[in-house]
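# Structural overview for review
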Amino acid sequence: MEALDMNLLVALDALLDTNSVTLAAERLHTSPPAMSRTLAKLRGVLGDPLLVRAGRNLVPTPRALELRYEVSTLVEQGRALLTPRDDLDPAALRRTFAVQAGDMVLSELAGPLLSAVRAQAPGVTLRFLPDTVEGTAALRDGRVDLEVGVIDHTDPETTVRRVITDRVIGVAAADHPLVTDRVTVAAYAAAPHLSISRTGRSHGPIDDRLALHGRTRRVVATVPTLTSALFAVRGSDLVCPAPALLSSATLPAIGLAAFEIPLPLPEVAIGMAWHPRNTADGGHRWLRDLVQEILLRSSAAARPPKRKRAKAAQDTGGGLESR
């Protein structure tokens, strides 16, 4: 077996971040011909062209897009391991951190994070911002220190770390037939739907999966946030999708219940994003670790036993399972 060349991982990260042999070479302080040879070696190792010519530019292949996040995370973790850590005393911190988060994450994160910060670092002030601020630019400009939630943008100037994955469930009033009876694709498609979209889009993965069954659904309205969706569904015959782990504690308190959507839907990745200049900063690292710990703890507390989830999926005609 050939020895693993970890330099290839760093080169792959630079190539996938920049989509450019020249820019990747500049980042790694090497020459474009040398980076071209490295790209050729990576193509051979991975069995994929990775970057292909489109006019005057290079564009990533589907395999490259799959690898981009994981490679970036591995390289960032490796750099963090090799970065000298100063002894940080959170109690001595006197800083303000701007944290951008969507409502579905903020409802689970804000309370525990505030409690932990007040206990560990009483001199730290948190400013929670809505997820309407442009992600990459806000992180680059310093208007946002940490973004938490579904990170739907990738950029060479942004470091992204996935923390948990969540699955999509259906939500309805506690006495709704999809909650009390067996869920079928036909029954699910026939229900009036509420869609959650900041941009007002009503079509998504649910519609694509229903189409495979020859079904369509009627989306009667779209709302921009999960919170507004849950309160709109309460006391009505509407149904809406929601992340299972991040909404489980809220549903019973407002008279709602969950049911398994009988379709194989994509998982929801919840992560953090920040500008690379903050990666080695002790205070920022402390905040990242604290946010990750809270999200992981919340996820573990909300996740039902596997046996119970498997039984629920069987009873509802094939619900979602975490992969």
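Okay, so let's go over this structure. The shown structure was predicted, so the numbers you read here are calculated from the model rather than taken from an experiment.

## With respect to the packing of aromatic side chains
Here the structure, examined in full by the defined rule, presents 1 aromatic pair. Here the guanidinium or amino end of R288 rests over the ring plane of W274, the centre of that ring lying 4.3 Å away.

## Overview of the pairing of strand β2 (residues 57-60)
Here 4 bridges tie strand β1 (residues 51-54) to β2, and the two strands are oriented antiparallel to one another. Each residue of the ladder has a partner; that of L51, found in β2, is P60. Hairpin geometry of β1 and β2 is characterised by an intervening segment of 2 residues between the two adjacent antiparallel strands and by a positive phi of about 70° at G55.

## Regarding the pattern of salt bridges
The tally for this structure, following the rule as stated, stands at 8 salt bridges. In this structure, R143 engages D141 in a salt bridge whose closest nitrogen and oxygen atoms are separated by 3.5 Å. For E293, the salt bridge goes to R297, with nearest N and O atoms at 3.2 Å. Of this pair, E293 and R297 both sit in helix α12 (residues 282-302), separated by 4 residues, roughly a single helical turn. Given a relative accessible area of 44%, E293 falls into the partly exposed group. A relative accessible area of 44% places R297 in the partly exposed class. Salt bridges sharing common partners tie together R140, D141 and R143.

## Thoughts on helix α1 (residues 6-18)
Its 13 residues give α1 an end-to-end C-alpha distance of 19 Å, which sits within 8% of 18 Å, the value for a rise of 1.5 Å per residue. Of the positions making up α1, those classed as buried are L8, A11, L12, D13, A14, L15, L16, D17 and T18.

## Regarding the sheet that holds strand β7 (residues 168-173)
One open sheet accounts for 3 strands, arranged β10-β7-β11; its pairing is antiparallel. Unpaired on one side and paired on the other, β10 (240-243) and β11 (256-259) mark the two borders of the sheet. Strand-to-strand twist of the sheet, defined as the mean angle between neighbouring strand axes without regard to direction, takes the value 45°. In the sheet, β7 pairs with β11 via 4 bridges, with the strands oriented antiparallel.

## Considering the sheet that holds strand β6 (residues 159-166)
Pairing is mixed in the open sheet, where 5 strands are placed in the order β4-β3-β5-β12-β6. At either end of the open sheet lies a strand with only one pairing partner, and these are β4 (125-129) and β6. When strand polarity is set aside, the average angle formed by the axes of neighbouring strands in this sheet is 20°. Sheet topology note: the strand β3 (residues 96-101)/strand β5 (residues 146-149) ladder contains 3 bridges and is parallel. Within β5, the residue paired with A101 across the bridge is V148. Across the face of the sheet, helix α5 (residues 103-120) comes into contact with β3, β4, β5 and β12 (268-274) while running at roughly 175° to β4.

Cut-offs used in this document
Within every chain, residues take consecutive numbers counted from 1 along the sequence as written. Given that the model is predicted, a residue must reach a pLDDT of at least 70 before its local features are reported, and side-chain atom pairs must reach 80 or more before they are shown or counted; all residues, however, enter totals for whole chains, interfaces and linings. The side-chain quantities take in all heavy atoms of the structure and omit both hydrogens and water. Any two of the Phe, Tyr and Trp rings considered here, Trp counted by its six-membered ring, make a pair once their centres fall within 6.5 Å; the pair's planes then place it as stacked at under 30 degrees, edge-to-face at over 60, or tilted in between. Working rule: Lys NZ or Arg CZ, within 6 Å of ring centre, within 35 degrees of ring normal, means a charge sits over the ring. Paired strands, in this sense, are two strands between which DSSP finds at least two bridges. For helices the rule is a DSSP run of H or I covering at least 4 residues; for strands it is a run of E covering at least 2, with both sets numbered from the N terminus onward. In what follows, salt bridge is the name for a side-chain nitrogen of Lys or Arg lying within 4 Å of a carboxyl oxygen of Asp or Glu. Per-residue accessibility, obtained with a 1.4 Å probe over protein chains only, is compared with the maximum for each type, and a residue is labelled buried under 20%, exposed over 50%, and partly exposed between these values. Take the number of residues in a helix, subtract one, and multiply by 1.5 Å to get its expected span. For helices, the fitted axis covers only the stretch in contact; all axes are lines through C-alpha atoms, and the angles between them, taken along N-to-C directions, range from 0 to 180 degrees. Note on contacts: a residue pair qualifies if any of its non-hydrogen atoms lie within 4.5 Å across the two residues.

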